[in-house]
Amino acid sequence: MSQVRLSVSQRTTGEGVHVVALAGTIDHTTAGAFRQALTLPADSAPHAVVDFHDVTFMDSSGINVLVAANNTARARGGSLRLAAAPARVLELLRIVGLDALLPLHPTLEEALAPTSAA
């Protein structure tokens, strides 16, 4: 049986926004890697964008990571934005009400636009 994995890549933009790009499945077996990618050092910029472009599935484990990361970012005066969520992921975000809590952007470029940083 092959295991579906989550690939995580990270970078920081010149404006200090932490970008986490994901590919694969977010579930109880991969949520730890997702959580770790969104755990920023206390002295880093508190703004982050998660690029879901290549995510094929997400369950409540991913929702829990997003809620915790958003709470941490807000407590530090920052923000968490989501970009390029596929239809299945977008539907889950809307069902649980995260679309009312977190800004959802159709593309990574739009999520990184300066007007989105507030």
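Counting starts from 1 at the beginning of each chain's written sequence and moves along it residue by residue. Residue-level local features of this predicted model are given only where pLDDT is at least 70; pairs of side-chain atoms are given and counted only at 80 or more, and the full residue set underlies all totals for whole chains, interfaces and linings. Based on all heavy atoms of the structure, the side-chain values leave hydrogens and waters out of the count.

### Things to note about the nonpolar core
Inference 1: Core analysis: the largest hydrophobic core is formed by 24 residues, its most contacted members being Phe34, Leu38, Phe52 and Leu66.
Inference 2: Only DSSP runs of H or I covering at least 4 residues are called helices, and only runs of E covering at least 2 are called strands; the numbering of each starts at the N terminus. Elements supplying a minimum of two residues to this core: β2 (18–26), α1 (31–37), β3 (47–58), α2 (60–75), β4 (79–83) and α3 (87–95).
Inference 3: Per-element accounting of this core gives the leading share, five residues, to β3.
Inference 4: Contacts were defined at the residue level, with two residues in contact if any of their heavy atoms lie within 4.5 Å. Not counting the four nearest positions on each side in its chain, Phe34 is found in contact with Leu6, Leu22, Ile26, Val50, Phe52, Gly62, Val65 and Leu66.
Inference 5: Among buried residues, those of type Ala, Val, Leu, Ile, Met, Phe, Trp, Tyr and Cys that are joined through side-chain atoms within 4.5 Å constitute a nonpolar core. To sort residues, take the accessible area from a 1.4 Å probe on protein chains only and compare it with the maximum for the residue type: under 20% means buried, over 50% means exposed, and anything in between is partly exposed. Core analysis: the next-biggest nonpolar cluster, separate from the first, contains six residues, Val19, Ala83, Leu108 and Ala111 among them.

### Comments concerning the packing of aromatic side chains
Inference 1: Each aromatic pair joins two rings of Phe, Tyr and Trp (for Trp, the six-membered one) with centres within 6.5 Å, and gets the label stacked for planes under 30 degrees apart, edge-to-face for over 60, and tilted for any other angle. Within the structure shown, the criterion is met by one aromatic pair.
Inference 2: Judged by centre distance (6.3 Å) and plane angle (85°), the rings of Phe34 and Phe52 are edge-to-face. Linking Phe34 in helix α1 with Phe52 in strand β3, this pair joins segments that are 18 residues apart in sequence.
Inference 3: Taking the relative accessible area as the measure of exposure, Phe34 reaches 0% and is therefore buried.
Inference 4: Among the residues examined, Phe52 registers a relative accessible area of 0% and is labelled buried.

### Things to note about α2
Inference 1: One less than the residue count of a helix, multiplied by 1.5 Å, gives the span that helix is expected to have. Between its first and last C-alpha atoms α2 spans 23 Å; for 16 residues at 1.5 Å apiece the expected length is 22 Å, and the two agree.
Inference 2: Contacts made by the buried residues of α2 are with β2, α1, β3, β4 and α3.
Inference 3: Between N or O atoms, a polar contact is any pair within 3.5 Å; within protein, one atom must be a potential hydrogen donor and the other a potential acceptor, and residues adjacent in sequence are included only when both atoms are from side chains. With a side-chain oxygen positioned 2.8 Å from the backbone nitrogen of Ser61, the residue opening α2 is Asp59.
Inference 4: Gly77 sits one or two positions beyond α2 and adopts a positive phi of about 80°.

### Digging into α3
Inference 1: Val89, Leu92 and Leu93 are the residues of α3 that are buried. Taken down its axis, α3 places every buried residue within 100° of arc, on the same side. Set apart from the buried face of α3 by more than 90 degrees, the exposed residues are Ala87, Arg88, Arg94 and Ile95.
Inference 2: Of the surrounding secondary structure, the elements contacted by the buried residues of α3 are β3, α2, β4 and β5 (104–105).
Inference 3: At the exit of α3 stands Gly97, carrying a positive phi of roughly 85°. It is the directions from the helix axis to the C-beta atoms whose arc is reported.

### Concerning unusual backbone geometry
Inference 1: Even without being a glycine, Ala84 presents a positive backbone phi close to 55°.
Inference 2: By secondary structure assignment, the location of Ala84 is in the loop between β4 and α3.

### Thoughts on the pairing of β3
Inference 1: The pairing of β2 with β3 spans eight bridges and is classified as parallel. The partner of His18 across the bridge, within β3, is Ala48.
Inference 2: Here is how to tell: hold the view so the strands point away, follow the path from the first strand over the helix to the second, and if it runs clockwise the crossover is right-handed. Between β2 and its parallel partner β3, the chain crosses via α1, and the hand of that crossover is right-handed.
Inference 3: Here β3 pairs with β4 via five bridges, running parallel. When the sheet's bridge partners are listed, Val49 is paired in β4 with Arg81.
Inference 4: At this point the chain moves from β3, through α2, to the parallel β4, and the crossover so formed is right-handed. In this analysis, strands are considered paired if DSSP registers two or more bridges between them.

Structural measurements only, silent on function.
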